[in-house]
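Reading the structure
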Amino acid sequence: MIQSASWLAIPSDSDFSVHNLPYGIFSREGGAPGVGVAIGEWIIDLTAAAQLGLLTEWEGAVSVFEQSVLNDFIALGRPAWQRLRAILQQLLMDEESPLRAVADRVLVRQTEARMHLPVRIGDYTDFYSSLEHATNVGKLFRSDNPLMPNWKHLPVAYHGRASSVVVSGTPVHRPQGQILPAGAEVPVFSPTKALDYELELGFIIGKDSALGRPVTAAEAEEYLFGCVLVNDWSARDIQRWEYQPLGPFLSKNFATSISPWVVTLDALAPFRTKGPLQEPAPLPYLQTSGAFNFDLDLQVAIQPAEQPESTLCRTNARYLYWNVRQQLAHHTITGCNMKVGDLIATGTISGPDEGSNGCLLELTQGGTRPVALEGGEQRTYLLDGDEVVMRGYASGNGYRIGFGEVRGMILPAAELF
Ligand code: MN
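The sections below set out a description of the structure shown in this document. Just so it is clear, the model here is predicted, and its values are computed rather than measured. (Residues numbered from 1 in each chain as written. Predicted model: local features only at pLDDT ≥ 70, side-chain atom pairs only at ≥ 80, totals over all residues. Heavy atoms only, no water.)

Thoughts on the coordination of the manganese ion
Test applied: Here a donor is an N, O or S atom found within 2.8 Å of the metal, or within 3.2 Å if the metal is Na, K or Ca; sites may look incomplete because water is not among the atoms. Burial classes follow relative accessibility: with a 1.4 Å probe on protein chains only, a residue under 20% of its type's maximum area counts as buried, one over 50% as exposed, and anything between as partly exposed.
In this structure, Asp-126 (OD), Glu-198 (OE), Glu-200 (OE) and Asp-232 (OD) serve as the protein donors to the manganese ion, at separations of 2.1 to 2.2 Å. The exposure class of Glu-198 is buried, given its relative accessible area of 4%.

Written out as structure tokens, the structure reads:
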């Protein structure tokens, strides 16, 4: 897709090029939240744009822009999203654009806006779709049996907690709970000593599916609106004691952070790529052939208080073994329905190379090999005051399609009793 640059000055390393146009919920100082679109260092205030007559060619009800979540906009469906995208691109690229005359009323500096959770998330599911992550973690939890016998036959997942999904910038209290000390037979109660992040992507469901009717892998993308960065915070010591036989519960239900900007599948389309060869071939309902992974560079950094940032991971979403079509086909094969705004996360995205571990559990070999930080400190797991920053983007020819950041700082455990 060849497009001329915008009349707005957009640096080539901005995540928010005219080819991206992700949606989010923002507010101005003292103002009500509403729908915005990121462009360069700015946000297009869609309510203001509609009021000033810039969106008259769009057939959707502009009241959807005055909502505090994207759900009503998303529910209008793909033709409405695509039409708005085309209108906005024209407004940003046309030298004679009517937006230019009213730019000071429609464009809000991102530094002067507050971002909110973009979607009302009804249900949240977290997969476990990276072969490298599952193998590395499996070795640490069960050295004799790293990859469970089902892993290459189905995309493993657990049902997560939607109420504690928070937007980037929300601090996270260190969770506390039951931990089994090494060599002990009974647990102690303690704040977690093994607080970790997990680098993931999340897909936002864009269309309801019918209860009782599976979504096929071939039609799965009709049900997807867009994609966010996800940090699935995890307490490894709580997880190790609780996870058998029903999987993670308290070790992951205290917080999940997402990026404020939702990048549409339309924006990501040029960056489709084939995933790894699947051997053995999955059952027919999970078979896909085509470029259904995404070539997205992903990074994790941590920044202790008053210290420089240290990049701990560089990986790519292309490494994921199970793609989102397979995840959705598997999730709904029983007839389980999807709702607009549901969040489907990939699981930790690790890669095959040194430095591509998407969580500290892997990077520090279960907390036994500390990593050195730029400021001279070391870490096995996160300390209070540490801030975790995740970034992700696709690189086009002279432009980027990115997510911005998902950030979260660790606060001390809540006082009890
Ligand atoms: Mn996870």
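Quick look at the nonpolar core
Applicable threshold: Residues belong to a common nonpolar core when they are buried Ala, Val, Leu, Ile, Met, Phe, Trp, Tyr or Cys residues joined through side-chain atoms within 4.5 Å. The criterion used for residue contact is that any of the two residues' heavy atoms lie within 4.5 Å.
Membership of the largest hydrophobic core comes to 59 residues, with the highest contact counts inside it found for Tyr-197, Leu-201, Leu-296, Leu-328 and Leu-382. Here Leu-328 is in contact with Ile-205, Val-215, Ala-220, Tyr-223, Leu-224, Met-338 and Ile-344, once residues within four sequence places are set aside. Core analysis: the second largest hydrophobic core is formed by 49 residues, Leu-8, Leu-21, Leu-46 and Leu-84 among them.

Some details on the environment of Gly-347
Convention followed: Each helix is a run of DSSP H or I of at least 4 residues and each strand a run of E of at least 2, with the numbering of both proceeding from the N terminus.
Here Gly-347 lies in the loop between strand S22 (343-345) and helix H9 (360-363). Put simply, Gly-347 and Trp-233 are 114 residues apart on the chain and 11 Å apart in space, counted from C-alpha to C-alpha. Other than its neighbours up to four places away in sequence, Gly-347 contacts Asp-126, Phe-127, Tyr-128, Ser-129, Leu-199 and Glu-200.

What to know about helix H5 (residues 131-141)
Quick reminder of the rule: Starting at the helix axis, one direction is taken to each C-beta atom, and the arc is that of these directions.
Considered for burial, the residues of H5 that qualify are His-133, Ala-134, Val-137, Gly-138 and Phe-141. Taken end-on, H5 shows its buried residues confined to a sector of 125°, consistent with a single buried face. Taken together, the buried residues of H5 touch helix H6 (236-242) and H9.

Let's talk about the sheet that holds strand S1 (residues 23-28)
We count it as follows: Strands are labelled as partners when DSSP assigns at least two bridges between them. All axes are obtained by fitting lines to C-alpha atoms, using only the stretch in contact for helices, and the reported angles, taken between N-to-C directions, cover 0 to 180 degrees.
Reading across the sheet, the five strands line up as S4-S3-S2-S1-S5 and stay open at both edges, with antiparallel pairing between neighbours. Only two strands of the sheet have a single partner each, and these edge strands are strand S4 (107-109) and strand S5 (113-116). Adjacent strand axes in the sheet meet at a mean angle of 50° when their direction is disregarded. Strand direction decides the pairing type here: strand S3 (residues 42-45) and S4, joined by three bridges, are antiparallel. Opposite Trp-42, over in S4, you have Arg-109 as the bridge partner.

Looking at the packing of aromatic side chains
Spelled out, the test is: Two rings from Phe, Tyr or Trp (for Trp, the six-membered ring) form a pair when their centres sit within 6.5 Å of each other. Planes less than 30 degrees apart are called stacked, planes more than 60 degrees apart edge-to-face, and all others tilted. Charge-over-ring contacts are defined here by two conditions on Lys NZ or Arg CZ: a distance within 6 Å of the ring centre and an angle within 35 degrees of the ring normal.
Taken as a whole and judged by the stated rule, the model has 13 aromatic pairs. Between Trp-151 and Tyr-321 the ring centres are 5.3 Å apart and the planes differ by 50°, which places this aromatic pair in the tilted class. Note that Trp-151 is positioned in the loop between H5 and strand S7 (157-159) and Tyr-321 in the loop between strand S21 (310-316) and helix H8 (324-332), a separation of 170 residues in sequence. Each of the two residues, Trp-151 as well as Tyr-321, counts as buried. Geometry around Tyr-223 places Lys-207 over its ring, the cationic atom sitting 4.7 Å from the centre. The side chain of Arg-400 reaches across the aromatic face of Tyr-393, ending 3.6 Å from its centre.

With respect to unusual backbone geometry
Omega for the bond connecting Gln-244 with Pro-245 falls within 30 degrees of zero, at 10°, which places this linkage in the cis form. Mapped onto the secondary structure, Pro-245 falls in the loop between H6 and strand S16 (256-258). Between Glu-279 and Pro-280 the backbone carries a cis peptide bond, its omega angle lying at 5°. Along the chain, Pro-280 turns up in the loop between strand S18 (272-273) and strand S19 (293-294). The phi dihedral of Leu-21 falls on the positive side, at around 55°, and the residue is not glycine. Owing to a relative accessible area of 3%, Leu-21 belongs among the buried residues under this scheme. At Glu-306, a residue that is not glycine, the phi angle is positive and equals roughly 60°. Structurally, Glu-306 can be placed in the loop between strand S20 (297-303) and S21. Taking relative accessible area as the criterion, Glu-306 reaches 84% and is therefore assigned exposed.

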